[in-house]
Amino acid sequence: MRARKALIIGCGIAGPTLALFLKRAGIEAEIYEARETLDGYSLSLSCNGVAVLQELGLDQAIYAEGSAITRWSMWNSKNKFLGRGVLAGGGLKSVFIKRIPLGKIIIDEAERQGIRIMRGKKLQDIKTTEQGGVVAAFSDGSTASGDLLIGADGVHSQTRKFVAPTFNSITYTRLINSGGYTSGVTVSGPPETINFIFCRRAFFGYHVTPTGYIYWFTNWVQDEEAARGAFDQMTDAERKQQMLAIYKDDQPLIREIIQRADETFPYFASYTLPEQPISWHRGPVVLSGDAAHAISPSSGQGASMALEDAAILAKCLRDIPDLEQAFSVYERLRRERTIKMYDAGKRGDSGKFVMGPRKQWFRDLTTPIFLKLFANPKASDWMYAYRTEWDKKADLTAISSGAEK
């Protein structure tokens, strides 16, 4: 019997991970990516996402490249301590890591295993065949044929236009983001920790590695959505000056980290899907990752949700011969958990929109109470201890609280 062939649209973090799991499941996979080269900056990869890569034998390479994190601490603009929480569970640590090396670790393994990756392939159209297959057409005039197509092409997914043509729930979060890397600044504090700071006009986070290298990020409210490409011409020096002005009334440490940064990230707006498509699949086409359920980048779970999707979708295709049923089970196994994760990210973002001394005073007063209720290890276990259980057969019926049974 001929092995099924999957076309994967998108070669970020999830696309090659999915291809590796599909190969394990006996399904041939080809990856098509619009970009010619890898891009991206840094992210916090939660331990539940690391667990997916552990199944592929890539976890040690991930930890070696990044910096382990197990907890976070929260402060206000006056350096008042507001609370702490965990970033680990199930015997694994999370990791702060640069996106390009992370992607390269996974892509290198995919290519080592003979998985084809075609770049410069911007998806333009999808058509199904009378035999039940699918043909992808790209903007360069080329096409590719397969038995199924998986859209791992992000929040602005072109694949989603085929699956849900009338869907229009992409929402600008009103947050502009940047960040950078800084060396040569001495910062004391507990190891394996991300520090979050509610500042007067923005939100700042930083992590210090064992060598003293600092990963940092920032986001602030901008009500009007910027036009595409609006920030493209800004220089590193211009970004630094603007961010220094934003943080002029906050802790001097923040300004020192920004001023002495080796590199700052170009500004980018973040988008989410407050509502998911009614269905994640149509015919031989299915959505994965942000294409189906984009959540706030501030949640620290976007990449991990996409990695979990990859393992579970591949498992469903492995264990359930009927394509429609495999897609349906995959969606049922994932929808509840991803909705819950979206809500968690939304709660985490809420304090960033609080402006003005009185409102910020009240936020800082109530935040410790909120953290005790929702950020203690027991309350966070559903998030960090989740495992996709590759060796366990996909369950056709049992779903409970976002966890596979």
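Residues numbered from 1 in each chain as written. Predicted model: local features only at pLDDT ≥ 70, side-chain atom pairs only at ≥ 80, totals over all residues. Heavy atoms only, no water.

**Quick notes on the layout of surface pockets**
It is a probe the size of a water molecule, rolled over the atoms, that shows where empty space is left. To keep things clear, this is the line we draw: Definitions used throughout: a 1 Å grid over protein atoms alone; a cavity as a set of points that fits a 1.4 Å probe which cannot get out; a pocket as an open set with protein on both sides within 12 Å along at least five of seven lines; a lining residue as one with an atom within 4 Å of a point. Grid points are joined across faces, edges and corners, and a volume is the space filled by probe spheres set on the points. By definition, any uninterrupted DSSP run of H or I lasting at least four residues is a helix, any uninterrupted run of E lasting at least two residues is a strand, and each is numbered from the N terminus. Basically, the charged four are Asp, Glu, Lys and Arg, the nonpolar ten are Ala, Val, Leu, Ile, Met, Phe, Trp, Tyr, Cys and Pro, and anything else, Gly included, counts as polar.
Estimates place the volume of the second largest pocket at around 420 Å³. Looking at the second largest pocket, it is lined by 23 residues, and the ones nearest its centre are V187, S188, G189, P190 and N195. Within the residue set of the lining of the second largest pocket, elements represented by two or more residues are β4 (67–69), β5 (71–76), β6 (81–86), β15 (193–198) and β16 (203–208). Its residues assigned to classes, the lining of the second largest pocket comprises 11 nonpolar, 10 polar and two charged.

**Topic: empty space enclosed by the protein**
A full pass over the atoms with the stated rule returns one cavity of 30 Å³ or more. If you add up the space inside the largest cavity, you get close to 30 Å³. As for the largest cavity, its lining consists of F198, C199, R201, A202, F203, G351, K352, V354, M355 and R363. Partitioned by chemical class, the residues of the lining of the largest cavity number six nonpolar, one polar and three charged.

**Section: the sheet that holds strand β20 (residues 281–282)**
The line we're drawing: For two strands to be treated as a pair, DSSP must find at least two bridges joining them.
Spatially, six strands are ordered β9-β2-β1-β13-β21-β20 in an open sheet, and the strand pairing comes out mixed. Edge positions in the sheet fall to β9 (116–119) and β20, since each of these pairs with one other strand and no more. Examined bridge by bridge, strand β1 (residues 5–9) and strand β2 (residues 28–33) share five bridges and lie parallel to one another. When the bridges of β2 are listed, K5 appears paired with E28.

**Notes on the side chain of T193**
Operational definition: Note on classification: 1.4 Å probe, protein chains only; a residue is buried when its accessible area is under 20% of the maximum for its type, exposed when over 50%, partly exposed between these limits. Nitrogen and oxygen atoms within 3.5 Å of one another constitute a polar contact, given that in protein one can donate a hydrogen and the other can accept it, and given that sequence-neighbouring residues count only through two side-chain atoms. Residues count as neighbours in contact if any of their non-hydrogen atoms are within 4.5 Å of one another.
By the element assignment, T193 lies in strand β15. Judged by its relative accessible area of 2%, T193 falls in the buried class. Of the polar contacts made by the side chain of T193, one reaches the backbone oxygen of P190; its length is 3.4 Å. Among the polar contacts listed, one links the side chain of T193 to the backbone oxygen of P191, at a separation of 2.9 Å. Those residues within four positions of T193 in sequence are excluded, and the remaining contacts are I69, R71, W72, S73, Y206, H207 and V208.

**Some details on the environment of P274**
One can find P274 in the loop between β19 (268–272) and β20. Overall, P274 belongs to the partly exposed group, its relative accessible area being 37%. P274 sits 103 residues away from T171 along the chain, and the two C-alpha atoms are 7.1 Å apart. Sequence-distant contacts of P274, defined by excluding residues within four places in its chain, comprise S169, T171 and Y342.

**Re the nonpolar core**
Threshold: What is meant by a nonpolar core is a set of buried Ala, Val, Leu, Ile, Met, Phe, Trp, Tyr and Cys residues, joined one to another through side-chain atoms within 4.5 Å.
In terms of nonpolar packing, the biggest core is built from 96 residues, with L22, L45, L53, L102, C316 and L317 touching the most fellow members. Of all the elements, helix α9 (residues 302–319) adds the most residues to this core, at 10 residues. The residues touching L53, leaving out its near neighbours within four places in the chain, are T17, L45, L58, D59, I62, L102, I106 and L307. With 28 residues, the next largest nonpolar core counts A164, Y172, V187 and W220 among its residues.

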